Amino acid sequence: MVWILRKIFPPYHDFEKAISSKIILPKQGKALFIRIDQRLGNLLLTTPTIKNLKELFPEFSIDVLTASKFQSVLSQLPFIHQVIPFQKKMFFRNLLSFFFGILELRKKEYDIVFDCSHSHIYSSTGSILTFIIGRKFRVGHFHEQAKNLYTHSVFSLSESTYEIDQKNTLLSVIHGHEIIPFTKKMETSLGNNPESFDYVSDFYHHTGISNFQQKSMIGINPGARKSLNRASEDFYIALIKEILSQSSAKCLVFWGPDEKEMADRYEEIFCDENSRVFIAPPTDIEQLACFLNTLAVFITNDTGPMHVSVAKGCATFGIFIDTDSKRWGHHHHPHRCFELQNLSEEE
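**Observations concerning the sheet that holds strand 12 (residues 336–339)**
Remark on secondary structure: sheet strands pair via backbone hydrogen bonds, oriented parallel or antiparallel.
Item 1. The strand order across the open sheet built from 6 strands is 9-8-7-10-11-12, with neighbouring strands paired in parallel fashion. Every other strand in the sheet has two partners, leaving strand 9 (277–279) and strand 12 as the edge strands with one partner each. Within the sheet, the average angular offset between the axes of one strand and its neighbour, ignoring direction, is 20°.
Item 2. Sheet topology places strand 10 (residues 295–301) next to strand 11 (residues 315–320); 5 bridges connect them, and they run parallel. Counted as the bridge partner of V297 is A315 from strand 11.

Structure, rendered in structure tokens:
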């Protein structure tokens, strides 16, 4: 298959020659980052690497190819020129349109293309797209299956390495990468939509909370897409009761798709304390980000909203059950991570 791809889409650089040398980029040029999976957190974890390249090459034009539903996540960030929506299902629905769309990207002749797929899981889609689009330099994490598709493969650090540090290693193949300290700060353009602000304001006014812009609320997010990532309802119920007993804070419980029954249970349990425990309305990711602007703290399982909260600068307490907080968590101030399997009952 690799042989066929190389015949149809001949690269500019010979793999064997390129792999042994650092990449020397022009002062002005174009770069593309590819992160096309359906995980919001994965995309946000890539934003520091994108910004670091812009810091290295201020005159570069940087595009990002990502899942179409996440286009708004990055669309207003100043260091990104264009967010290009990707729909994998178009491969099956309209192959001709899909193929010509990829060829249009190839015609842009990017100086460098980064496959930002996971370092520990091989993505055939990401590596093949990188090969087809990247006519010059192509960079990705080393995988045996992709070694002939990239011009430069980067060996992964240990599996417990902070994911942002892992992604920043993709820049290590660029000549002069060491001249700036790499940022680890995630960024997003979510939470700035005036309609979402009105939605949040209407909710607070309806519930009688007039001082929401003072950031006095504690957000609780007991749900998660993966059931293995969810702390038990008993844990969160006990946590909310402890917050109520130890402070005068108000709690706002968030819920996501297919979690309405869970939200109803929390509302029933805390109906007597409904002056201090509130159930958030249905929210999309933009509305959730706007709510995060109003919170003092956000307590959440290891899931997409955790990374959105950190990117928005809200103090975030991540609860980890089945995943490695060293890799996926955020330990820098003002954020904290807790691995429940390592906590005593008293803690």
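Here the narrative resumes, following the displayed structure.
**Brief notes about the sheet that holds strand 2 (residues 61–67)**
Item 1. The strand order across the open sheet built from 6 strands is 3-2-1-4-5-6, with neighbouring strands paired in parallel fashion. Of all the strands in the sheet, just strand 3 (82–86) and strand 6 (152–154) have a single pairing partner and so form its edges. Within this sheet the neighbouring strands show an average axis-to-axis angle of 20°, counted without direction.
Item 2. In this structure, strand 1 (residues 30–35) lies alongside strand 2, joined through 6 bridges in parallel fashion. Across the sheet, K30 pairs through a bridge with S61, a residue of strand 2.
Item 3. Those strands touched by helix 8 (residues 124–133) are strand 1, strand 2, strand 3, strand 4 (112–115) and strand 5 (137–141), and its axis lies near 175° from that of strand 4.

**Concerning a nonpolar patch on the surface**
Item 1. Nonpolar side chains collect at one region of the surface, where L96, F99 and F100 lie side by side and expose about 320 Å² of accessible area between them.
Item 2. With respect to the helices and strands, the residue L96 is situated in helix 7 (residues 95–107).

**Section: the side chain of T47**
Item 1. Mapping T47 onto the fold places it in helix 4 (residues 47–56).
Item 2. Separated by 3.2 Å, the side chain of T47 and the backbone nitrogen of E187 make a polar contact.
Item 3. Excluding anything up to four places from it in sequence, T47 contacts L74, F79, K185, M186 and E187.

**Remarks on the packing of aromatic side chains**
Item 1. Per the counting criterion, the structure on display carries 12 aromatic pairs.
Item 2. The interplanar angle of 25° and the centroid separation of 4.7 Å between the aromatic rings of F142 and F155 together place this pair among those described as stacked. Linking F142 in the loop between strand 5 and strand 6 with F155 in the loop between strand 6 and helix 9 (163–168), this pair joins segments that are 13 residues apart in sequence.
Item 3. Taking the relative accessible area as the measure of exposure, F155 reaches 59% and is therefore exposed.
Item 4. Following the ring pairs from residue to residue traces out a cluster consisting of F203, Y204, F212, F254, F291 and F298.
Item 5. Positioned above the aromatic ring of W255, the side-chain terminus of K260 is 6.0 Å from the ring centre.

**Focus on the packing of helix 11 (residues 233–246) against helix 12 (residues 260–269)**
Item 1. Across the interface, helix 11 lies against helix 12 with an axial gap of 12 Å and an inter-helix angle of 40°. Looking at the two axes, helix 11 sits oblique to helix 12. Of the two possible hands of crossing, helix 11 and helix 12 adopt the one that is right-handed. Here E233, Y236, I237 and I240 of helix 11 lie close against helix 12, whose contacting residues are M262, R265, Y266 and I269.
Item 2. By residue class, the composition of the contact of helix 11 with helix 12 is 6 nonpolar, no polar and 2 charged.

Analysis parameters
- Residues numbered from 1 in each chain as written.
- Predicted model: local features only at pLDDT ≥ 70, side-chain atom pairs only at ≥ 80, totals over all residues.
- Heavy atoms only, no water.
- Pairing = 2+ DSSP bridges.
- Helix = DSSP H or I, 4+ residues; strand = E, 2+ residues; numbered from the N terminus.
- Axes fitted to C-alpha atoms, helices over the stretch in contact; angles between N-to-C directions.
- Contact = heavy atoms within 4.5 Å.
- Patch = residues over 30% accessible without salt bridge, like charges linked within 9 Å, V, L, I, M, F, W, Y side chains within 5 Å.
- Areas by Shrake-Rupley, 256 points an atom, 1.4 Å probe, with all protein chains shown as cover.
- Salt bridge = Lys/Arg side-chain N within 4 Å of Asp/Glu carboxyl O.
- Polar contact = N/O pair within 3.5 Å; in protein donor to acceptor, adjacent residues only side chain to side chain.
- Phe/Tyr/Trp six-rings, centres within 6.5 Å; stacked < 30°, edge-to-face > 60°.
- Buried < 20%, exposed > 50% of the residue type's maximum accessible area, 1.4 Å probe, protein only.
- Lys NZ or Arg CZ within 6 Å of the ring centre and 35° of its normal.
- Parallel < 35°, antiparallel > 145°, perpendicular 65-115°, else oblique.
- Left-handed = near helix turned anticlockwise from the far one by under 90°.
- Nonpolar A, V, L, I, M, F, W, Y, C, P; charged D, E, K, R; others polar.

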